[in-house]
Amino acid sequence: MRYSSFLLAILGLSLFSCGEKPLEESPQKQWFKGNLHTHSYWSDGDNYPEMIMDWYKSNDYDFVVLSDHNTLATGEKWKLIPKSPSHELGFQKYLDKYGDEVIYREDSTGRIEVKLKTLSEYRPMFEEEGEFLIIQSQELTESFEKKPLHMNVTNIQKLIPAEGGNSVSEILQNGLDRVKAQRDSTGVPMFLHINHPNFIWAITPEDMIELNGERFFEVYNGHPQVNNYGDSLRPSMEVLWDKVQSAYLRANKPLLYGLAVDDAHNYHVFDQNSSNPGRGWVMVLAKDLNPESLIEAMEQGDFYATTGVTLSSIDFDGKILGVEVDPETGVDYTIQFFGTKKSAPEQSGVLLEEVSGIKAEYTLVEGDMYVRAKIISSKPKENPYQLGDTEVAWTQPVVAN
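Here is what the cut-offs are and how they apply
- Residues numbered from 1 in each chain as written.
- Predicted model: local features only at pLDDT ≥ 70, side-chain atom pairs only at ≥ 80, totals over all residues.
- Heavy atoms only, no water.
- Helix = DSSP H or I, 4+ residues; strand = E, 2+ residues; numbered from the N terminus.
- Contact = heavy atoms within 4.5 Å.
- Salt bridge = Lys/Arg side-chain N within 4 Å of Asp/Glu carboxyl O.
- Buried < 20%, exposed > 50% of the residue type's maximum accessible area, 1.4 Å probe, protein only.
- Expected span 1.5 Å × (residues − 1).
- Arc of directions from axis to C-beta.
- Phe/Tyr/Trp six-rings, centres within 6.5 Å; stacked < 30°, edge-to-face > 60°.
- Lys NZ or Arg CZ within 6 Å of the ring centre and 35° of its normal.
- Axes fitted to C-alpha atoms, helices over the stretch in contact; angles between N-to-C directions.
- Parallel < 35°, antiparallel > 145°, perpendicular 65-115°, else oblique.
- Nonpolar A, V, L, I, M, F, W, Y, C, P; charged D, E, K, R; others polar.
- Polar contact = N/O pair within 3.5 Å; in protein donor to acceptor, adjacent residues only side chain to side chain.
- Pairing = 2+ DSSP bridges.

### Observations concerning the environment of Thr-363
Argument step 1. When you line up the elements, Thr-363 lands in strand S17 (residues 359-363).
Argument step 2. Distance in space between the C-alpha atoms of Thr-363 and Phe-316 is 9.6 Å, their sequence separation being 47 residues.
Argument step 3. Excluding its chain neighbours within four sequence positions, the residues that come into contact with Thr-363 are Lys-319, Ile-320 and Asp-368.

### Some details on the pattern of salt bridges
Argument step 1. All chains considered together, the criterion is met by 19 salt bridges.
Argument step 2. Salt-bridge contacts for Asp-54 lead to Lys-97; the nearest nitrogen and oxygen are separated by 3.8 Å. Taken together, the residues span a long stretch of sequence, with Asp-54 in helix H2 (residues 49-58) and Lys-97 in helix H3 (residues 85-98) at a distance of 43 residues.
Argument step 3. The partly exposed category is assigned to Asp-54, whose relative accessible area is 24%.
Argument step 4. Overlapping salt bridges bring together Glu-238, Asp-242, Arg-372 and Lys-374 as one network.

### Focus on H3
Argument step 1. Under the 1.5 Å per step criterion, the end-to-end length of H3 is 20 Å for 14 residues, consistent within 8% with the ideal 20 Å.
Argument step 2. By the burial criterion, the buried members of H3 are His-87, Gly-90, Phe-91, Tyr-94 and Tyr-98. Down the axis of H3, the smallest arc covering the buried residues is 100°, so these residues share one side. The exposed set on the far side of H3, more than 90 degrees from its buried face, consists of Pro-85 and Asp-96.

### A word on the packing of aromatic side chains
Argument step 1. As enumerated under the stated definition, the model contains 18 aromatic pairs in all.
Argument step 2. Centroid distance Trp-31 to Tyr-304: 5.2 Å. Interplanar angle 65°. Geometry classified as edge-to-face. Of this pair, Trp-31 sits in strand S1 (residues 30-35) while Tyr-304 sits in strand S12 (residues 303-306), and the two are 273 residues apart along the sequence.
Argument step 3. The exposure class assigned to Trp-31 is buried, which follows from its relative accessible area of 2%.
Argument step 4. Using a relative accessible area of 1% as the deciding quantity, one classes Tyr-304 as buried.
Argument step 5. On the numbers, 6.2 Å between centres and 50° between planes, the contact of Trp-55 with Tyr-61 is tilted.
Argument step 6. On the basis of relative accessible area, Tyr-61 is assigned to the buried category, the value being 1%.
Argument step 7. Through successive ring pairs, a cluster of aromatic residues spans Tyr-41, Tyr-48, Tyr-94 and Tyr-98.
Argument step 8. One cation-aromatic arrangement involves Lys-33 over Tyr-61; the distance from NZ or CZ to the ring centre is 4.3 Å.
Argument step 9. The side chain of Lys-33 reaches across the aromatic face of Trp-281, ending 4.2 Å from its centre.

### Quick look at the packing of H2 against H3
Argument step 1. Running from N to C, H2 and H3 point in directions that differ by 75°, and their axes come no closer than 10 Å. With respect to H3, the axis of H2 lies roughly perpendicular. Facing Glu-50, Met-51 and Asp-54 of H2, the residues of H3 in contact are Lys-93, Tyr-94, Lys-97 and Tyr-98.
Argument step 2. For the contact of H2 with H3, the per-class residue count stands at three nonpolar, no polar and four charged.

### Some points on the side chain of Asn-195
Argument step 1. Tracing the chain through its elements places Asn-195 in the loop between strand S8 (191-194) and helix H6 (205-209).
Argument step 2. A distance of 2.8 Å separates the side chain of Asn-195 from the side chain of Glu-139, its partner in a polar contact.
Argument step 3. Apart from the residues lying within four places of it in its own chain, the contact partners of Asn-195 are His-37, Glu-139, His-150, Met-151, Asn-152, Ile-203 and Glu-218.

### Considering the sheet that holds S17
Each strand in a sheet pairs with another by means of backbone hydrogen bonds, the pair being arranged parallel or else antiparallel.
Argument step 1. Here we have three strands laid out as an open sheet, ordered S13-S14-S17, and antiparallel in their pairing. Both edges of this open sheet fall to strand S13 (311-316) and S17, since each of them pairs with a single strand only. Neighbour-to-neighbour, the strand axes of this sheet turn through a mean angle of 10°, independent of strand direction.
Argument step 2. The sheet contact formed by S13 and strand S14 (residues 320-325) spans five bridges and is antiparallel. Paired with Ile-314 across the strands is Val-323, a residue of S14.

Have a look at this one:
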């Protein structure tokens, strides 16, 4: 494991998961860093799979996906390189790095076309057992009345084509049902998560409340156009999270978990107007670095989402949720606990407690429907989603035993 601050997990000390099972029963679990939403030249990203995998591996990620729109990296695909200095320089860097492995040709106008590597071709170039994993993924891309409805499928085994539907919620539910059908038929664990609900204000809390089987969504997405923070008329992703969470629990549905992702498309120019890698990720506490273990852990809530804050422990014993930060020198931290009261479910996402420091805990009382923690640091986020952002992290919600 690369994260020395997480050695407590390996040593089997009193560290507990975001769920209800104490990790001291499974001391071999480790934290793994991963991104579950990224694009390449296989759809609308602007770089080659090998260059993208090299970036993530070089930046200490343990697992990553390429979730291109309605496609899997199979078969033959040629990419015509756009006529721009950044793309042409990107091709030269690719050629310099991979040399004879690059297959390309010139078209009739002298422009370069590159044959893209398939997953089966680039996967063995980067994967190392226990060190780096590439998971197959697809961004199932639909629309309804010009609203973009995007859903990522982690560990997909067979392409799921766009199907359409008569409403936003029907299309999302169709996606959930088709992923479940593929999982049931193959016996391979996989899950769907809802991408950037506020992208072009496509998906409302009400749309998500209607769903059955939805467990994951993006509480943070690094693309500059996804409206993470809402506006004066529409909710932020955190407000949406709490509203949907409250409705799910009242309907006896499972907890909804929040992801942080890059949604990276741009790898040549890094700035606020570009969708770059390195903005958001998940830290998953799992037994092994393989899709089965990672998905099992995430479905149990054994992970947190972050834009840079590192946690040394998340303890939950069925009643008390405790959080401790692995601090950086000179950085201040505020730990906030949010939840909803059973007596006032319409007032979702109330700030229950706030503590300044690197360690805090909240004891759920009888009237608490659930609680989750948000950790805010004073450290400015490098290449932020929005100017002024500092690094933050979100734990998953828990309910009292």
